[in-house]
Amino acid sequence: MDLFKLILTSFLSIITLFLLAKLMGHKQVAQLDFFDYINGITIGSIAAELATDLETPWKSLVAMLIYGFTAVGLSLATNKFPKVRKYVNGSPTILMNGGKIYRENMKKAKLDLSEFLTMCREQGYFDLNDIQTAIFEYNGKLTILPNSANRPVTPADIELNPEPDHINTEIIMDGRIMDENLKRMGLDLKWLEKQIKAQGYHNVKEIFLGLCDNNNKLSLFES
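These notes cover the structure that comes with them. Note that this is a predicted model, so its numbers are computed, not measured.

Next up on the list: helix α3 (residues 57-80). Compared with an ideal rise of 1.5 Å per residue, which puts 24 residues at 34 Å, α3 spans 35 Å between its outermost C-alpha atoms and is within 8% of the ideal. Every buried residue of α3 is listed here: Ser60, Met64, Gly68, Ala71, Val72 and Thr78.

The pairing of strands in a sheet happens through backbone hydrogen bonds and is either parallel or antiparallel. Judged by pairing direction, the sheet is antiparallel, and its four strands sit side by side in the order β2-β1-β3-β4 without closing on themselves. In this open sheet, the two edge strands, each paired with only one partner strand, are β2 (100-101) and β4 (142-146). Relative to strand β3 (residues 131-136), strand β1 (residues 93-97) runs antiparallel, the two being bridged by four bridges. Paired with threonine 93 across the two strands is phenylalanine 136, which belongs to β3. Against the sheet, helix α6 (residues 113-122) engages β1, β2, β3 and β4, with an angle of about 65 degrees to β4.

One open sheet accounts for four strands, arranged β6-β5-β7-β8; its pairing is antiparallel. Two strands close off the open sheet at either side, each with one partner strand: β6 (176-177) and β8 (218-222). Judged from the two bridges that link them, strand β5 (residues 169-173) and β6 form a sheet pairing that is antiparallel. Pairing of methionine 173 across the sheet is with arginine 176, part of β6.

Rules of the game
Residues numbered from 1 in each chain as written. Predicted model: local features only at pLDDT ≥ 70, side-chain atom pairs only at ≥ 80, totals over all residues. Heavy atoms only, no water. Helix = DSSP H or I, 4+ residues; strand = E, 2+ residues; numbered from the N terminus. Expected span 1.5 Å × (residues − 1). Buried < 20%, exposed > 50% of the residue type's maximum accessible area, 1.4 Å probe, protein only. Pairing = 2+ DSSP bridges. Contact = heavy atoms within 4.5 Å. Axes fitted to C-alpha atoms, helices over the stretch in contact; angles between N-to-C directions.

Here's what the structure looks like:
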């Protein structure tokens, strides 16, 4: 009986975690802010307790739901009220601008000079003279605006107007033809078979991945 209860509470924990994660959105698995980090750890701990609590699993379940709905409520509040967002998430801090490092702002961000230099190097800036502005974001990341003389050349700088890029579409995956994608591109099986043979393949099973661009150029990759 205890084994059955353990299996039941484990599945209940997994299902609840999945539903809460879907409810709270992809932010929980992306770059976390301070509250999301704490909330994620707490919900995970409660879920582990729920999976093994055979006597009163409803207590852990209620706690998980409270944390989950609190996270959703705060997310809605921060989207609607900027002042709440600033209080919950914090605000960006300028650490360096125009060749000047702001020591007081670094203290507010709780960063020392070594940590700041490390974060700059991680983004490829070994010389601070190449940096125009460095901003410490509320999610703990450092955003850098390079000096205009050191930033990469863009097509606009040399008066070029390239065609807009498009995402390639998967036509073949794991040796299987993606019929819906092929139809959406305005192509058919006859065209695909011709392209496959033209690139030296005899069967679609030989192909691990096939990508088609906006100009109907097919790129094939073997498994």
